[in-house]
Structure formats: C-alpha cells, structure tokens
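Topology and contacts: notes
Chain residues, written in single-letter form:
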Amino acid sequence: MLDFLRRSPLKSSLQERLLAPLYTSFLLLVFLILIQAGLNLLLEIQYRKAVKGVQHSLLIEREGARLLGAVLDEQTSLRGYLLTGRQEILEPYRLRAQTAFQESFDQLHELVQQNPAQLQQLMQIRSTYDGWQRQFARRVLNGTANRTTLPGKTLFDPMRDHMNDLLQIEEEALKQRNQQVSYFSSLRTAMDVFSLLIILMGVAWNLWLLRRRVEQPLQTLTEVGQTWRTGQLDVRLNYSAPGEIGRLASVLDSMAWEIRDRQERSHLRNQQLEDLISALSHDLRTPLLATRATLRPMLNGGFGAVPESWREILEEYQQANEDLIKLVNTLLDVSRYESGGSHNLVHAPIDWQRILTRATAQVQASTQKQCEIIIHIAPVLPIVAGDPLEIQRVIQNLVDNAVRVSEVHQSILVEVMPWHKNQVKVAVCDRGSGILPHEKERLFHRFIQGRGRRGGAGLGLYLCRQIVEAHGGTISVDSQVGEGSTFWFVLPSTAED
C-alpha cells in the first residue's frame, strides 16, 4: 500500500501543484478545528449536565428548607392554639401549613427518587410526620390534648435530623458536581486556548509557505525580468521546483535563451547586410565618379559639339548619376555612423549664423522651387560644440525636405533658440500638408518616407538622427495634418553649470 502511494499519480500531481502544501495545511487545520468543535460540544454537554446536577442539589436544599419551614409553622400554630386556646391561631395551619408540607414532600420525592438512600430518609420523614399527625395534631384539633403536651420534641427535632441526613448525602453529591463543573470549565478554557494556538500556528505556517513558494520566487522573477529589460538576456532564473512557478521559470528561461539567440542571429545578419551595403557603396562610387568625370566635359564640349537632341539625354544621365552618387554617399555615411564612426567627429564651437547661411544657400542652389527661407537666431545662446559640417548636413536635409513639401513662394522658418537649461534647439517650420500621427513614429527609421516627402531613398532623416544622437542630442517632429510640420533637434551645451 505504501509503495502504491509513493508511485501514485495523485501524489505526484499534488507535489507538482504550487499551493498543494498550502491546501494540505488548510485542510488539516479545518480537520483539527472540526475535531475541536466536536470535543467542545461533548464538553458543553458534560458541563451542562454537571450544572444541571448542581441546580438539582440546590433545589433539594431549597425544598428541604421549605418542608422544615412548613413543619415548623404547623408545630408553632398548634402549640400556640394549645397554649392560648384562640381559634384564629389555627387559621394558618388549616389554610396553608398542611398543603405546603405536602407540596414540598411531593417535590422532594420527585427530586430524590433516583437516590435510594435519600428516598429512605424522605420516607422516614413522612412516617414521622404521619405519626405526629395521629398522635398530636388530631388530638389538638379534637380538643383531647392538654397544655402540658409540647409538640417541639415530638416532630421538628426528629424531622430535622432526618432532613440533615438527606441533605448530607446531597452535600456530598453537590461537592462532586461543583468539582465537575470547575473541571469541565477549565478543560473548555484549555481547549479554547489550544484551538487558538493551533489556528495561529496554522496561519503562520501558511504565511511561511506563501512567502517561500510564491512571494520569493515571484520576487526573483521580477528582478530577473528587470535585468532582461535592460538587455542582459544571458541572466537566468536558475529556479527549479515542482509546481507552476517552477514550470513558468523554465519556460521564461527558454524564451530568454531563444530571444537572445534570435537577437544574435539578427545582429549578425544586420552586420552582414551593412557590410554588404558598405562594400557595394564603395564599389559603386568609383564608376559613378568616373561617369561624372566623363559627362561633365562631354556636356561642356570637351569631346566636340553635342547635338541638342543628345544634350537633353546626357543632362538626364548626369542628373541620375548625381542622384546615385548622393545616395551612395548617404549609404556610406549611415554605415560609418552605425559602425561607430561618431568617434571621428570634429568638435568645435558652432557658428549658427554661418552654418544656417551655408545650408540655406546649398538648398536654394540645388532646387528650382522658389521659397522664402527666414532665419531667426536668438541673440544669446549657450555654447554648443559639434562637427559644423555634420550639423550643417542635418539642417540642410531638414530645410530641403521643407522646401520639397512647400508650395512656391511659401515661407519656411529656420529658428535657433535656447532650450531648457544649457541646451540649444533648432527648428525648421513649413506649411506643407503635415504628417499623419502613425507616420511620425517611423519617420526617423531607415527607408521610411512621409507623405509628400518622396524623392529620396528614405535615409535622410535616419542619417539626421544618427548625427544628432552622436552629438548627444535628440530629434523629433511636431505636425498637424493640413497645417504643416516642425522638425526640430536639441543639442546639449558644453558650458559649465
């Protein structure tokens, strides 16, 4: 039987349950409480039985006193009548004394009928009373008794002796019953204290089980989860125990290992892709530059006069070649920043007036769309150190995008202002069609273009983000559809606080 229980699937199932010890402890506690309730019920029955016995003894004592009182009243009434001869003295005797004796006797007879010794004493009391009635009371009532006959020594004293013997037996029983009442009362108090201790121990045990099997493992899960949140997926829970949390820990460890493995493979693929893009960009740049070196002198007549029919075609070729060169240069710059090229930045104090003038001039020279570019630079600005050429590239890209989405002759505002504490904010505001909310989150990722900003490969804003973050700043956009957009970036100051 024991071997069967050891191999029982039910036992194994209970061991694997997280709260199985808690359930067992709870059921055991309930079982003990039920046993204690049953014992308390038995004690209560015995206690009430003992109390009822005490009450029985007190009733016997009370009825015995009433019986002796009734006898004394009869004796006193007859004695007074015998001494005085007054009929009114007999009235209490006729009206109450005999009836009171009979009622007390009947009550005592009912109370002591289970005790032969007491019943024998009660019968002797009855015999004495009946003898006294025949020998004296009737004679007094019939007028045959004389004054020299005194009833005190013929009734009360013998009956008192018999009553004392009866009550002596009851006193012994009352003493035992009082001891039983005290014993059962103490035992009931002890059971209540024991039950309280059992309940407190059960609660403490269950709390300890909850802390050991639930709180502590969950605390470990939370701490390791916070570590995973920082990207340290190589940390493991290392928690093995039967139960739901043990299985959960195993599943989470497996998930963390799989995620880390996928991240490593994804990082390797991205690195290979970046290496491929960088290699292709380098390989493409050389023939593109050679094509530029050929097309320019050809259009300038270096190889002879170019017919007008061919000039238009060659100019299109030249523009397409310039676009490809620009794309390749951007890809090379992106690869450089992604591979840690930000360490090669040249940091110098930024001359905002010079940078903005050059950037806007480059944009106006490269586009045929006539837009008014307004420059506003705050008179007092914190000193910002950075690579002027890279910052100029960011501003130029933002202004070029603003011109592209603006209508002809619309104004574009480029503003440089102090921002918060020791920061500089650069904002480029246009009045284009705006950007949808769900597009704003993705604009600064690779190969993503916003509505109305087509024409490039979707790398310009991504490169701007790389440059700004390499300078320790942030870049974002505020936009409302139909009212325009404000692209801005913030750079930290190098000045001391």
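Because the structure is a prediction, the values reported are computed rather than measured.

Glancing now at the sheet that holds strand 2 (residues 372–377). Judged by pairing direction, the sheet is mixed, and its 5 strands sit side by side in the order 2-4-5-7-6 without closing on themselves. Taken across any chain shown, the strands that pair with only one partner, and hence form the sheet edges, are strand 2 and strand 6 (474–480). Pairs of neighbouring strands in the sheet enclose a mean axial angle of 15°, with direction left out of account. With 6 bridges connecting them, strand 2 and strand 4 (residues 411–418) associate as parallel partners.

As for its placement among the helices and strands, leucine 32 is situated in helix 3 (residues 20–84). Judged by its relative accessible area of 35%, leucine 32 is partly exposed. Along the primary structure leucine 32 and serine 195 are separated by 163 residues, whereas in three dimensions their C-alpha atoms are 8.2 Å apart.

On the surface, a cluster of nonpolar side chains totalling about 740 Å² of accessible area is made up of Leu28, Phe31, Leu32, Ile35, Leu39, Leu41, Leu42 and Ile45. Tracing the sequence through the fold places leucine 39 in helix 3. On the basis of relative accessible area, leucine 39 is assigned to the partly exposed category, the value being 37%.

Structurally, asparagine 40 can be placed in helix 3. Apart from residues lying up to four places away in sequence, asparagine 40 is in contact with Met191 and Asp192.

Aromatic ring pairs are reported here in terms of the distance separating the ring centres and the angle at which the planes meet. All told, the structure shown has 3 aromatic pairs when counted by the stated rule. Between phenylalanine 101 and phenylalanine 105, the ring centres sit 6.3 Å apart and the planes meet at 20°, which makes this aromatic pair stacked. Placement of both phenylalanine 101 and phenylalanine 105 in helix 4 (residues 91–112) is noted, with a separation of 4 residues, approximately one turn of the helix. In this pair, the class of phenylalanine 101 matches that of phenylalanine 105, namely buried. Residue phenylalanine 101 is classed as buried on the basis of its relative accessible area, which comes to 0%. One aromatic cluster is present, formed by Phe101, Phe105 and Tyr129 through successive ring pairs. Lying over the aromatic face of tryptophan 419, lysine 425 brings its terminal NZ or CZ to 4.0 Å of the ring centre.

Cut-offs used in this document
- Residues numbered from 1 in each chain as written.
- Predicted model: local features only at pLDDT ≥ 70, side-chain atom pairs only at ≥ 80, totals over all residues.
- Heavy atoms only, no water.
- Pairing = 2+ DSSP bridges.
- Helix = DSSP H or I, 4+ residues; strand = E, 2+ residues; numbered from the N terminus.
- Axes fitted to C-alpha atoms, helices over the stretch in contact; angles between N-to-C directions.
- Buried < 20%, exposed > 50% of the residue type's maximum accessible area, 1.4 Å probe, protein only.
- Patch = residues over 30% accessible without salt bridge, like charges linked within 9 Å, V, L, I, M, F, W, Y side chains within 5 Å.
- Areas by Shrake-Rupley, 256 points an atom, 1.4 Å probe, with all protein chains shown as cover.
- Salt bridge = Lys/Arg side-chain N within 4 Å of Asp/Glu carboxyl O.
- Contact = heavy atoms within 4.5 Å.
- Phe/Tyr/Trp six-rings, centres within 6.5 Å; stacked < 30°, edge-to-face > 60°.
- Lys NZ or Arg CZ within 6 Å of the ring centre and 35° of its normal.

By themselves, these figures tell us nothing about what the structure is for.
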